[in-house]
Amino acid sequence: LIQKSKWLKKQKSPPITKSQLSPARTPNRSTDRSSSADGSVIFSEGDSDRLNSTPEEKSRNLIDLEVLASIVALNVAAYCMRYGNVHVYWISIIALNLIVVNLLRREASKYDAAVSSLPSQANTFSNLKSRGKYQNKTKGPVRIKYQAFQQVRPAGTTLQRANPKANSSVADIEKEHGPMSTQSIRAYCISPYDYDLSSENAYWNVDARNFNLRVGPNYKKNRLKEPSSPALYDLISVDFIRADTTLKKASDAFTVPNIPGITDIDTGHPHVPPMFVINAWIPLEDHGVFGKVTDAPSINCVMCLAIAEHTLKALKDIDNAPPAVKLFAEWCRIAETDDEFRARFKALGIVCDIEKTNIPSFIASYNGKPALVTKSGTFIRHEHYIEFCVNVHMWGFLARKGLVTLTPKFAEFVLDIGFTIEAKRDHELPEVLLGGMRLIHFDPEKVIGDKIESVRE
């Protein structure tokens, strides 16, 4: 349509001037055209006014009609969706989509008209380029090979764990052994609420029971969900870093934890690692409905998880292990090469006491509902851990828009985030939380930034 409009603009004839009009005729918009002796047509000035109407006036009249038609069609479609049957509903949906496409087409036409009206002299980009400006003067290939983070930090240093409650057993263990010790990490997971409630911009272990997950039998028919059993992995650390690119590997910006007795143990299963790292890339701004962006300025979140003691015990006898442990072991085995099975990875977010917040209703309606990480997930197997990257830039528009809208409000509430593997058959149920974290009044504005270094080949 845009190309056609360009062609029409080139084909339009120049307007008729007054010198081409018959001087014998008086200006009268109602008079008809007459013929001269030689058969040529003589135009009145009224005819000239109509012929000289600008394309902008004609376009404005057409736009007025289109707007009126769109309003009528929108109301008719809304009425049909409210009172019609299923077939009428889908016809109305198609009609609404056509209206949106028409509006987009009009905007594209306006843009094209604006671009075509720009001067094509010395101030255009092409002329500047031909005179030597904007030329790439770098020798050799200019393709960026990789973008590396300049500083590697220890895990757990960009966001602090909340302080344990005073005089609690967790506080005593942390004081004696340190926050990154085996004893403290195990103590945190069994005490999901033993933290100082006045903590801000901090994290803590999540209570798996807050997540309602699938249970059998016959979930497809019964659609039953119940609170999860204890998570398969315990939380070690959480980090956030702001950058002009996504964090392709967690080790590019953080030193992956090495805790004797936790991260270096033999799980008893060849494919299940002692540590699991989740690397999520959250957009700093929305890319729009048709934005196809995979790498852009992001807040990169890295979660390090250690295998729980009960999971470790179950793996020793995999044949008699709970269904969730078997499912996760199978996921670890084939997710690296099987795209369909890898896409069973699910993310869940719960805003605590959401009724006390000012979150928009269209976002609140999705509170606690899972989102499958399909094409946006990347599986990376390392020597002692599996890293799963979640590229939120590739999510659907509504999910991405909801998260981008919600991110600036994180400081106002407590947010529970969890992950699990989707169970489809009865022998895979019930689902169990893989791992998660609780963000306590997390402030995105306080996330540290890191410059990136562009290395050219």
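Report on the accompanying structure. Owing to the predicted nature of the structure, the values given are computational and were not obtained by experimental measurement.

With respect to the pairing of strand E12 (residues 298-307)
- With 10 of 10 residues buried, E12 lies mostly within the body of the structure.
- With burial as the criterion, each face of E12 is covered, one bearing Ser298, Asn300, Val302, Cys304 and Ala306 and the other bearing Ile299, Cys301, Met303, Leu305 and Ile307.
- Here strand E11 (residues 275-283) runs beside E12; their pairing, made up of 9 bridges, is antiparallel. Along E12, the bridge assignment pairs Met275 with Ala306.

Focus: the sheet that holds strand E5 (residues 160-161)
- As summarised here, the arrangement of the 6 strands in space is E5-E6-E18-E17-E13-E14, forming an open sheet in which the pairing is mixed. Each having just a single partner strand, E5 and strand E14 (371-372) make up the two edges of the open sheet.
- Bridge count for strand E6 (residues 202-204) against strand E18 (residues 435-440) is 3 bridges, and the pairing is antiparallel. By the bridge assignment for E18, Ala202 is matched with Ile440.

Re a nonpolar patch on the surface
- Taken together, Leu68, Val72 and Val76 make up a surface patch of nonpolar side chains, about 270 Å² in accessible area.
- Looking at where Leu68 falls in the secondary structure, it is placed in helix H3 (residues 55-83).

Concerning the environment of Pro227
- Within the fold, Pro227 resides in strand E8 (residues 225-227).
- Placed 12 residues apart in sequence, Pro227 and Val215 show a C-alpha to C-alpha distance of 9.4 Å.
- If sequence neighbours within four positions are ignored, Pro227 has contacts with Arg209, Phe211 and Asn212.

Observations regarding the state of the cysteines
- This structure, assessed with the given rule, holds 0 disulfides.
- A disulfide-free cysteine, Cys301 has its sulfur positioned 9.7 Å from the sulfur of Cys304, the nearest such atom.
- Classification of Cys301 as buried rests on a relative accessible area of 4%.

A few points about the packing of aromatic side chains
- Counted by the stated rule, this structure contains 16 aromatic pairs.
- Considering the side-chain rings of Tyr195 and Trp204, the 5.7 Å spacing of their centres and the 45° angle between planes classify their relative orientation as tilted. Neither Tyr195 nor Trp204 differs from the other in exposure class; each is buried.
- Three or more aromatic residues joined by ring pairs make a cluster, and in this case those are Tyr233, Phe276, Phe328, Trp331, Phe345, Phe379, Phe388 and Phe419.
- The ring of Tyr188 carries Arg161 above its face, with NZ or CZ at 3.7 Å from the centroid.
- Above the plane of the ring of Trp204 lies Arg161, whose end atom (NZ or CZ) is 5.3 Å from the centre.

Rules and cut-offs
Residues numbered from 1 in each chain as written. Predicted model: local features only at pLDDT ≥ 70, side-chain atom pairs only at ≥ 80, totals over all residues. Heavy atoms only, no water. Buried < 20%, exposed > 50% of the residue type's maximum accessible area, 1.4 Å probe, protein only. Helix = DSSP H or I, 4+ residues; strand = E, 2+ residues; numbered from the N terminus. Pairing = 2+ DSSP bridges. Patch = residues over 30% accessible without salt bridge, like charges linked within 9 Å, V, L, I, M, F, W, Y side chains within 5 Å. Areas by Shrake-Rupley, 256 points an atom, 1.4 Å probe, with all protein chains shown as cover. Salt bridge = Lys/Arg side-chain N within 4 Å of Asp/Glu carboxyl O. Contact = heavy atoms within 4.5 Å. Disulfide = S-S within 2.5 Å. Phe/Tyr/Trp six-rings, centres within 6.5 Å; stacked < 30°, edge-to-face > 60°. Lys NZ or Arg CZ within 6 Å of the ring centre and 35° of its normal.

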